[in-house]
Each structure stands twice: as C-alpha cells, then as structure tokens.
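Listed below, chain by chain, are the residues.
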Amino acid sequence: MKKKDLKILLVDDEPDILEIVGYNLSNEGYQVITGTNGLEAVKLAKKHQPHLIILDVMMPEMDGIEACEVIRSNKDLEQTIITFFTARGEDYSQVAGFDAGADDYITKPIKPKVLLSKVKALLRRFKNEEAPSQITKVGKLIINREEYKVFKGKEELSLPRKEFELLSLLTSKPGKVFTREDILDKVWGLEVVVGGRTIDVHIRKLREKIGDESFKTVKGVGYKFVI
C-alpha cells in the first residue's frame, strides 16, 4: 500500500503539535486528519477508519486512554494501529495505554525524522495486506494472521495489535526461545524505541487471556510458547 493511501488520525489539544506534526506527516505523503480532544477522536475514527491513530493522553472532553478504549470496542476499527503521543514518560502512562489497547507510545518532544521513522515502522504491516491467508492451529489456539483473529476453542479472543503480533511470533515456533532483541526487532522494529517493560507488559496480558502455562520466561534471555 502506498503512502498516499494510508490515513493517519492525529489528535492533540495543542495547536502547535497539530500544525508541526501534521505538516511533517502530510509532507511525507500520508493522508492526515486532525482532532483536538477524545470525543473528536472517536467520531473521526468511525468516519475515516484510519490506518494509524496518534492520540495525546491528556486532553479535554475525553482523555486519550478513554478514547482508545472506546475505539478498540468498535469492530470496524480492529485493524487500526493506535499509539499514544504524550509528554509523560512514567511507566504508569505506558502500562495504562497498553491496557487500554494501544500498540505503542511516542514521547514528545520528538524530532521530525525520528517521528517519521516510528510512523513508518508502525505502518509497516500494511505493505503486505494482500498476502495470502495464514491460518494455523497451535495447541488449543487457532490463529488467523490475515484477519488478526485468535480463537481458543470456540472462544474468540480480543487482542490488541501488538499482543497479536507477539503471540503470532512466539507460536510460529513453539518451544523456541525468542530473545528480547528478536522480539523487539520483529514486533516493534529496531528503529522504534520502546520502554524496557513493554515486552513484559504484553506477555502479562497474554498470560491473563490465554493461560500462564503457555508462556515460559527464560531469565536473562527472553520468552517461549509451549504446548
């Protein structure tokens, strides 16, 4: 998919952020839609169905965390990537964002080149959206990599984007230990800077939904999926 076909929804209550970041994204060739609060984010997301949403955390009307939860509950927006754009660097903001269904976060201020690199990495999966269907059965799980769906028996599990991609990676070779470096490279991309707890948070959420016994921690190395 070409850049001109990719839609990005940028939502922030600071006019300067909307202008500067919006300009850089538009100048790179993306379609950019802007909003100033969480309520607008929800309405614009439903209307335009963007490929990527960049949400500020602290906003009037409805904050970014709540807006993310509402957007994630919309079946039409399951394929949308959501990242938080915030000045906060605390672990709480990052964990709260992931718990709400976000795929990543961007800490501001951020240099234009770094921002564009991160956006490119986040949108990377849309390059291969015409790939043939890949449905695999791993233990009690059925994973549809094309439709981003996971079934545990007859129950469909609701997984945010990065949780799905992490599960897909680990189940691609059951028993294989994936190092933290491998996981960051394949799920987030080496050009994307994420916090040290990011992988741990996502593994914790997968354990809650699929079962603690399915994921083993190899101290000092990484994680593996076991059947």
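Now for a look at the structure at hand. (Residues numbered from 1 in each chain as written. Predicted model: local features only at pLDDT ≥ 70, side-chain atom pairs only at ≥ 80, totals over all residues. Heavy atoms only, no water.)

## Observations concerning the overall build of the protein chain
Link 1 in the chain: Tallying secondary structure elements over the protein chain gives eight helices and twelve strands in all.
Link 2 in the chain: A buried classification covers 49% of the 227 residues belonging to the protein chain.
Link 3 in the chain: For the protein chain, long-range pairs separated by at least 24 residues make up 60% of all intrachain contacts whose partners lie at least 6 apart in sequence.
Link 4 in the chain: Roughly 11,600 Å² of accessible area belongs to the protein chain as shown, and the carbon and sulfur atoms make up 51% of that amount. (Helix = DSSP H or I, 4+ residues; strand = E, 2+ residues; numbered from the N terminus. Buried < 20%, exposed > 50% of the residue type's maximum accessible area, 1.4 Å probe, protein only. Contact = heavy atoms within 4.5 Å. Areas by Shrake-Rupley, 256 points an atom, 1.4 Å probe, with all protein chains shown as cover.)

## Focus on the packing of aromatic side chains
Link 1 in the chain: Scanning the model with the defined rule gives three aromatic pairs in all.
Link 2 in the chain: When the ring of Phe98 is compared with that of Tyr105, the centres are 6.3 Å apart and the planes differ by 65°; the resulting orientation is edge-to-face.
Link 3 in the chain: Residue Tyr105 is classed as buried on the basis of its relative accessible area, which comes to 10%.
Link 4 in the chain: Between Phe215 and Phe225, the aromatic rings sit 5.5 Å apart at their centres with planes inclined by 75°, giving edge-to-face as the arrangement. In this pair, Phe215 is assigned in strand β11 (residues 215-218) and Phe225 in strand β12 (residues 222-225), connecting sequence segments ten residues apart.
Link 5 in the chain: Residue Phe215 is classed as buried on the basis of its relative accessible area, which comes to 2%.
Link 6 in the chain: The ring of Tyr148 is capped by Arg161, whose NZ or CZ atom sits 3.7 Å from the centre of that ring.
Link 7 in the chain: We note Lys176 situated over the ring of Phe178; from NZ or CZ to the ring centre the distance is 5.2 Å. (Phe/Tyr/Trp six-rings, centres within 6.5 Å; stacked < 30°, edge-to-face > 60°. Lys NZ or Arg CZ within 6 Å of the ring centre and 35° of its normal.)

## Points about the pattern of salt bridges
Link 1 in the chain: In this structure the tally under the stated criterion is 14 salt bridges.
Link 2 in the chain: Residue Lys205 is joined to Asp99 by a salt bridge in which the shortest nitrogen-to-oxygen separation is 3.7 Å. A residue pair is termed long-range when its members are at least 10 positions apart, and Lys205 in helix α8 (residues 198-210) and Asp99 in helix α4 (residues 91-99) qualify at 106 residues.
Link 3 in the chain: Looking at Lys205, the relative accessible area reads 15%, which means it is buried.
Link 4 in the chain: One continuous salt-bridge network, built from bridges that share partners, spans Asp99, Arg204, Lys205 and Glu208. (Salt bridge = Lys/Arg side-chain N within 4 Å of Asp/Glu carboxyl O.)

## Observations concerning the packing of helix α6 (residues 161-172) against α8
Link 1 in the chain: Two elements in contact, α6 and α8, have axes separated by 10 Å at closest approach and are oriented at 80°. One finds that α6 runs roughly perpendicular with respect to α8. For the pair α6 and α8, contact is made by Lys162, Glu163, Leu166, Leu167 and Leu170 and by Ile199, His202, Ile203, Lys205, Leu206, Lys209 and Ile210, respectively.
Link 2 in the chain: Grouping the amino acids of the contact of α6 with α8 by side-chain chemistry returns seven nonpolar, one polar and four charged. (Axes fitted to C-alpha atoms, helices over the stretch in contact; angles between N-to-C directions. Parallel < 35°, antiparallel > 145°, perpendicular 65-115°, else oblique. Nonpolar A, V, L, I, M, F, W, Y, C, P; charged D, E, K, R; others polar.)

## Focus on α8
Given 3.6 residues per turn, any residue in an α-helix points the same way as the ones three and four places further on.
Link 1 in the chain: Across its 13 residues, α8 extends 18 Å between first and last C-alpha, which sits within 8% of the 18 Å expected from 1.5 Å per residue.
Link 2 in the chain: Residues of α8 that are buried include every one of Thr198, Ile199, Val201, His202, Ile203, Lys205, Leu206 and Ile210, and no others.
Link 3 in the chain: Positive phi shows up at Gly211, right after α8, with a value of about 130°. (Expected span 1.5 Å × (residues − 1).)

## Here's the deal with the packing of helix α1 (residues 15-27) against helix α5 (residues 112-122)
Think of two packed helices as two axes; the pair is described by the angle between the axes and how far apart they sit.
Link 1 in the chain: Interaxial distance between α1 and α5 falls to 11 Å at its minimum, and their mutual angle equals 60°. The orientation of α1 with respect to α5, classified from their angle, is oblique. Pair α1 / α5 crosses with right-handed handedness. Contacts from Val21, Asn24 and Leu25 of α1 reach α5 at Pro112, Leu115, Leu116 and Val119.
Link 2 in the chain: In terms of residue class, the contact of α1 with α5 is made up of six nonpolar, one polar and no charged. (Left-handed = near helix turned anticlockwise from the far one by under 90°.)

## So, unusual backbone geometry
Link 1 in the chain: For Gln49, which is not glycine, the phi dihedral falls at a positive 45°.
Link 2 in the chain: Relative to the helices and strands, Gln49 resides in the loop between α2 (38-48) and β3 (52-56).
Link 3 in the chain: The partly exposed category is assigned to Gln49, whose relative accessible area is 41%.
Link 4 in the chain: Unusually for a residue other than glycine, Tyr148 sits at a positive phi of about 55°.

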